[in-house]
Structures are given as structure tokens and as C-alpha cells.
Amino acid sequence: MCGIIGCVGRGDETLDTLVHGLAKLEYRGYDSAGVALATDTVDVCKKSGKIDDLRAALESRTLSGPVGIGHTRWSTHGPPTDENAHPHRDCRGEVAVVHNGIIENYQSLRDELASAGHEFRSDTDTEVVPHLIEDALADGANPETAVREAIARLEGSYAVAVVIAGVDAIFAARNDSPLVLGIDDGEEGTGDAPGGAYYLASDVPAFRDHTDRVVYLDDGEFARLSSRGWRVTTLDGEPVEKAVDTVDWDPEETGKSGYDHFMLKEIHEQPRALRQCLRGRVDELSGTVDLGDLGDLTPRAVQFVACGTSYHAAIYAAQLFEEAGIPAKAYLASEYASKTPPIGDALVIGVTQSGETADTLSALREARRRGARTLAVTNTVGSTAARECDHTLYIRAGPEIGVAATKTFASQLAALNLLSLSVTSVSDSRDVIAGLRELPGAVQEILDDSNAEAVAETYGDAGAYFFIGRGLHYPVALEGALKMKEITYKHAEGFAAGELKHGPLALVTENTPVFAVVTGDDEMARKTIGNVKEVEARDAPVVAVTDGQSDVERYADHVLRVPDTHRRIAAVVANVQLQLVAYHTAAQLDRSIDKPRNLAKSVTVE
Ligand code: M6R
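Every value quoted in this text rests on a predicted model; they were computed, and no experiment measured them.

Caption draft 1: Region of the structure containing helix H2 (residues 51-59). Within H2, the full set of buried residues consists of Ile51, Leu54, Ala57 and Leu58. Down the axis, H2 shows its buried residues gathered within 115 degrees of arc, on one side only. Pointing more than 90 degrees away from the buried face of H2 are the exposed residues Asp52 and Glu59. Buried positions along H2 lie against helix H1 (14-24), strand S2 (32-38), strand S3 (42-48) and strand S4 (67-73).

Caption draft 2: The arrangement of the nonpolar core in detail. Judged by nonpolar contacts, the single largest core of 88 residues is most densely connected at Phe304, Ile349, Leu375, Leu419, Phe467 and Phe515. Formed by 31 residues, the second largest nonpolar core is a distinct cluster that contains Leu37, Ile51, Leu63 and Phe262.

Caption draft 3: The arrangement of the site of the ligand in detail. Residues in contact with the ligand amount to 14 residues; listed here are only the nearest, Ser310, Thr352, Ser354, Thr357 and Glu486. Serine 354 is positioned with one of its side-chain polar atoms (N or O) 2.6 Å from an oxygen atom of the ligand. Between lysine 483 and the ligand, the recorded distance is 2.8 Å, taken from a side-chain N or O atom to an oxygen atom. The fraction of the free accessible surface of the ligand (410 Å²) that becomes covered by protein chains is 91%.

Caption draft 4: Main features of the sheet that holds strand S22 (residues 465-469). Pairing is parallel in the open sheet, where five strands are placed in the order S23-S22-S24-S25-S26. At either end of the open sheet lies a strand with only one pairing partner, and these are strand S23 (492-496) and strand S26 (558-561). Averaged over all pairs of adjacent strands, the angle between their axes in this sheet comes to 20 degrees, without regard to strand direction. Alignment of S22 against strand S24 (residues 514-518), held across three bridges, turns out to be parallel. Within the sheet, the bridge partner assigned to phenylalanine 467 lies in S24 and is phenylalanine 515. Lying on the sheet, helix H15 (residues 473-488) is in contact with S22, S23 and S24; it crosses S23 at an angle near 175 degrees.

Caption draft 5: View of the side chain of threonine 360. For threonine 360, the location among the structural elements is in helix H10 (residues 358-369). Judged by its relative accessible area of 1%, threonine 360 is buried. Contacts of threonine 360, omitting those with residues within four sequence positions, involve Val305, Ala306, Cys307, Ala333, Gly350, Val351 and Thr352.

Caption draft 6: Region of interest: unusual backbone geometry. Here the amide bond leading from histidine 86 into proline 87 is cis, since omega sits at 0 degrees, within 30 degrees of zero. Checked against the element boundaries, proline 87 lands in the loop between S4 and strand S5 (88-89). One non-glycine residue, tyrosine 489, lies in positive phi territory at about 65 degrees. Note that tyrosine 489 resides in the loop between H15 and S23. With relative accessibility at 23%, the residue tyrosine 489 sits in the partly exposed group. Positive phi, normally seen in glycine, also occurs at aspartate 590, with a value near 60 degrees.

Caption draft 7: Geometry of the pattern of salt bridges. In total, this model carries 33 salt bridges according to the counting rule given. Among the ionic pairs, arginine 148 bridges to glutamate 144, the shortest N-O distance being 2.5 Å. With a gap of four residues between them, arginine 148 and glutamate 144 both fall in helix H5 (residues 143-152), about one helical turn apart. Of the two residues examined, arginine 148 and glutamate 144, each falls in the buried class. The salt bridge involving lysine 407 is made with glutamate 269; its shortest N-O contact spans 2.8 Å. In this pair, lysine 407 is assigned in helix H12 (residues 407-423) and glutamate 269 in the loop between helix H6 (262-268) and helix H7 (270-278), connecting sequence segments 138 residues apart. A relative accessible area of 2% places lysine 407 in the buried class. Ionic contacts of the salt-bridge type, sharing partners, join the residues Arg174, Asp176, Asp219, Arg365, Arg368 and Glu388 into one network.

Caption draft 8: Region of the structure containing the layout of surface pockets. Empty space within the largest pocket amounts to approximately 750 Å³. At the level of secondary structure, the elements contributing two or more residues to the lining of the largest pocket comprise strand S11 (213-216) and strand S14 (245-246). Across the lining of the largest pocket, the residue classes tally to 14 nonpolar, eleven polar and eleven charged. In this structure, the second largest pocket encloses a volume near 520 Å³. Every residue lining the second largest pocket is counted, 27 residues in all, and those nearest its centre are Gly308, Thr309, Ala600, Lys601 and Val603. The set of elements that each furnish at least two residues to the lining of the second largest pocket consists of helix H8 (308-323), strand S19 (346-352), H10, H12 and H15.

Caption draft 9: Representation of the environment of glycine 398 in the model. Structurally, the position occupied by glycine 398 is in the loop between strand S21 (391-394) and H12. The sequence separation of glycine 398 and aspartate 248 amounts to 150 residues, and the corresponding C-alpha distance is 9.4 Å.

Caption draft 10: Region of the structure containing the pairing of strand S8 (residues 169-175). With six of its seven residues buried, S8 lies for the most part within the structure. Sheet topology note: the strand S7 (residues 156-164)/S8 ladder contains four bridges and is antiparallel. What sits directly across from valine 160, in S8, is alanine 173. In this antiparallel pair of consecutive strands, S7 and S8, the connection spans four residues, and glycine 166 shows a positive phi of 80 degrees. Across six bridges, the pairing between S8 and strand S12 (residues 221-226) is antiparallel. Its bridge partner lying in S12, isoleucine 170 is registered against leucine 225.

Caption draft 11: Region of the structure containing the packing of aromatic side chains. Considering all chains together, one arrives at six aromatic pairs under this definition. Judged by centre distance (5.9 Å) and plane angle (45 degrees), the ring pair of phenylalanine 466 and phenylalanine 495 falls under tilted. Residue phenylalanine 466 is found in strand S22, and its partner phenylalanine 495 is found in strand S23; the two are separated by 29 residues along the sequence. Per residue, the accessibility class of phenylalanine 466 equals that of phenylalanine 495, and both read buried. For the ring pair phenylalanine 467 and phenylalanine 515, a centre distance of 4.9 Å and an interplane angle of 10 degrees mean the geometry is stacked. Placement of the pair is phenylalanine 467 in strand S22 and phenylalanine 515 in strand S24, with a sequence separation of 48 residues. Phenylalanine 515 matches phenylalanine 467 in its accessibility class, with the two residues each being buried. A cation over an aromatic ring shows up here: lysine 329 above the ring of tyrosine 331, its NZ or CZ 5.1 Å from the ring centre. The cationic tip of arginine 597 hangs over the ring face of tyrosine 489; the distance from NZ or CZ to the ring centre is 4.0 Å.

Cut-off values and rules
Residues numbered from 1 in each chain as written. Predicted model: local features only at pLDDT ≥ 70, side-chain atom pairs only at ≥ 80, totals over all residues. Heavy atoms only, no water. Buried < 20%, exposed > 50% of the residue type's maximum accessible area, 1.4 Å probe, protein only. Helix = DSSP H or I, 4+ residues; strand = E, 2+ residues; numbered from the N terminus. Arc of directions from axis to C-beta. Contact = heavy atoms within 4.5 Å. Core = buried A, V, L, I, M, F, W, Y, C linked by side-chain atoms within 4.5 Å. Near = heavy atom within 4 Å. Polar contact = N/O pair within 3.5 Å; in protein donor to acceptor, adjacent residues only side chain to side chain. Areas by Shrake-Rupley, 256 points an atom, 1.4 Å probe, with all protein chains shown as cover. Pairing = 2+ DSSP bridges. Axes fitted to C-alpha atoms, helices over the stretch in contact; angles between N-to-C directions. Salt bridge = Lys/Arg side-chain N within 4 Å of Asp/Glu carboxyl O. 1 Å grid on protein atoms, 1.4 Å probe; cavity = no way out; pocket = protein on both sides within 12 Å on 5 of 7 lines; lining within 4 Å. Points joined across faces, edges and corners; volume = space filled by probe spheres on them. Nonpolar A, V, L, I, M, F, W, Y, C, P; charged D, E, K, R; others polar. Phe/Tyr/Trp six-rings, centres within 6.5 Å; stacked < 30°, edge-to-face > 60°. Lys NZ or Arg CZ within 6 Å of the ring centre and 35° of its normal.

Below you can see the structure in the form of C-alpha cells.
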């Protein structure tokens, strides 16, 4: 999704700061990029393509100024062309605007502005904003009021940042799209710090190299950043007291640390992420879990809302709650409002790594409107989900840059295990806790000794990939397929193992490897092995992901071994093998692994 950066107070380094910030936002997914710097004029440089294309375009330009904004665009209105890239300007070229989100009433605003004589140069919804500001300025409003008046006319979702010729400030506002301020040398709450440098961005990594002090804007808020300080008000100008938070992760964590891709680095970070997730939360001796100030949850029923990988974690968690006798269901967040399940005493849990996914936020808001208590299970401190929900459980995975979710999925599963242990009564809680304690080591064992790369080489040119599993391994099968398709661009599907024979079996051939997740040696494992035999009889290659407890290996062409662990934990470790297969398959195909085509890390539109 689009990424915004802005800075003031960096003097001659303004342009470099903006471009560096944009590079840090690349992980969000984008197809064009641009910057605007303001002095007595506003200069813009923007290009479709990658940030390197923007850098190349900047070589033949001299852009300078003490205040600037930048943007990476993920197309919604109009194709990725130079014209459609942000920043967008007004007719006189004195106002420049970057925007993340969707302006729903842009067509009527555009018609109105066009009939008043404004000329549009792009297909975007965003371009109405500089023209609205231009009109307000022409009517005599001062720059800040002009921006407020223009923003007040917008309907939809937006994070907007604006610079104006001759004005030493950035104006910004948010509604339903994330925006965070970075404060360097500012005094808390006063905004009175001559000589400071101030930033704004869609996400902290954009300016984390410069400061760790942040202010999260909320919906309906308006910010003014200048070299003299920062100020937050409502859109109507009422002052808002904002807390300055400190982010506790190191800028180094957002580097590749020698790995070829962020995805591989993040797969390898899983043991550490899991340890962080568990630290201080479990007591093995007493078999208890302490989730700190989560409050008294004791739900009678649970509804999960989530998207993509997080939805797979939600399916897994729903089963844990069901097993503990608490009715639970996982909903695709984008479908939740149309299902309107009865809320009753249900706790609605949004599972979202970013805490900014528009579909999930919208489902959580719908749940709250209907009287539910809400809990965010998220990785991102200060995210919208964390701020809007009644309770928050952090998964503590650390920053995840690769678009493909890996360590955050593992940490979600661990955190949801902790949640289920803390609010339900689980008969073998001591065993689960012991399993959780062993989990980081079990993942490390796989990372140290996986043959996933060889398996990926064997099946690199397969026509399609299928993944099957039962019970807690069903979401693992779905996740294995999602990872494979999103980074290899090849067809991959996950199925409940028993469903294969009800249709998908027609797709199975000698050119479609089937990855079967089978751990333990219980009734469920035996039934899955039955499904493996059905596949084998149709000549499909079988890759068993197994702990060696059952005899599934007899029917498999390849084995991806996982340690023998508690059945809840087996799902987490099995998934690591599938992450590695997807990664190595994509690497062989030379795909853009960290930024797969058409995808974004943080999906902030519905
Ligand atoms: O930030 P979220 O967890 O809410 O994101 C939801 C999905 O967009 C996300 O899980 C997506 O499916 C993964 N990046 C895929 O690897």
C-alpha cells in the first residue's frame, strides 16, 4: 500500500532523508514513487517503477528545500504512470500533496473543480486535494486553514501530507489510514523545540534511523510540523494532547543482516521472535500463563476476524477455543459485516500483524458498533487496532519487512496458544506450556537441518502445488499454499485432507506435488495417510511433513522432518518447513521474494 514520508528541519539533507525513508517503506508494496520539496516554489520529481528509477530521475534535477514530502504509490485509481505518481500539484504548482487511502467522493469533487476551470493531469482520486487547497488559498484562507478546509470535504480513507510554496511546514491529517510523527529533540506535548527535526510517515521504519520518539495520529486529527516544532489538533483546530512514545526496536532490525532476502532473515529469526513472545508470560511449574494487564476476559464465545495469513492463525486459534469448550469461529474480516453473526457475550478478536489492515479494522469496528468487547492480537505497538480495541495482546515478533508473513505467523500461533491457556481451562496445560518452551529450539533444529531446498529443486517446475492437513494442520496447509502462491506466482492450494476426494482430486497428476502435514500417530494422522494413499495412487509425488511417529513416510517421495512435539506445537514447526520450500522455490525462479508483484505488506484499503 502507499507509503508516506515527510520531514522538516533536516536542512540540506531533506531530499536524502525523504528518499531513504521511501526505501524503508518499499516493503509495503508500490509501483511508483515521488518527492516534493518546498521553498518559495514547490519542486516535484516522480517516476513510475522502483525507487532506483526515482533516484535516476533525481540525478538530472536539483531539488532542494528545508521541507519535503515523499510517496510510494500502490495504484488504485489509474495505472502506474509518471503522471499518476504522487505528489500531485494544483494548477499553479504551489501546493503538493501525497495521499494513502481512497477518496470516495473524488468524482463529484473533480467534476466541480473541473467545471470551475481546474485542470487535472492524472487519473487519481488524490489530485482533487491540491486543487481544493488552491481554491481555499485563492479565497484568502491562510495555508493551514486552506488545508483543513480541503480535508474537511473529503469522504473515505486518507492519510494526507501537504507542502505549500513559501511555507516552512508540513500539514497532515488522517482518517482510516496510518500516520505517525517522528520527533527529534521535541519537548513532550509542547511542540516547542527550535532546531529540531520532525518527520511523518505511514510507518516508523521510514524515520527510525533518525529518532525513536513517535506520536501516533488518530482518526480525525490534524498535524502541523515545522522547524519550530509540532502540533496536533482536531480537524476543527481544537488542540489535542498527544503522548510521545518510544519504539523499542533497533534500526538494525530492519536491515537484511547478510541474508539474501528479508523473508529468509525473518524465517531464521523465528526462534528469537518466539522467545520474545513467550518471555515472562509462562510458568512451567504451575502450568499457568500470565498475560499482564490484558484484564479479565473470560469469554463465553469468541469470534475471530482476520485476513490472509492472520486468518489462518485465527482458524488455528478457533480450534483451540472450541477444544476448550468455548464456541469459537474464525471469519474472514472482509466478510464479517455481511455475515452479522450474533454478538451475545462474544469477545471479538482481531488478529492482525500490522494492526492497520482496513478489512480487519472495519470488522472490529462493526463488532464494537454491535456491542462486542474487542481484543487486538497484533505485532505493532501503537497501531490502529491496538489503539481502538478494548484489549491488546502483542505477539512481539519484531519488525517484519518481507511482504510474506513468516515469523509473525509463528508468533501469532504462540500468542494465541497463550491466550487460550490464560482464558480457558486446558486439561494438559502443563504439556502445552512445556511444548511452547521447547518451540524456539524445535524451530532452530529445522532451520539448522532442513532439506527444503532440495525438495524445492526437485519440484521447481511443477504445474501446481497442493497442501493437505487435518485439524490444526488444516490452517498450516492453507498457509503453506498461500506462501507458495504469493512468492512463486505458481498455482498452489491448501485443502482439508478429507476434502481432496470431494473435488480437488481431479486436479492431481504426476506433475502436482502434494505436501501432506502428518504428525503424531492418532486417528487423525491415520485418516490423512489414507488421503495420501489416494494421491499416491494417482501418481502424484508426495512430500510428507512429519515427525516420524506414523508410517506416512512409506507413501512419500520426500520427507521434511520436524521434531516430535506437542500436537499444538507441531503445526508451528511444520509450517517452518513449508515456508522454506516456498522460499527456495521462489529463489530458484528468481522472483521478487520480498516484494511480490501486486501485493502490499499493509493493506489499508477495503
Ligand atoms: O497485517 P495483517 O496481519 O492484518 O495482514 C493481513 C494479510 O494481508 C497478511 O496476513 C497477508 O496475507 C500476508 N502478508 C501474506 O503473507
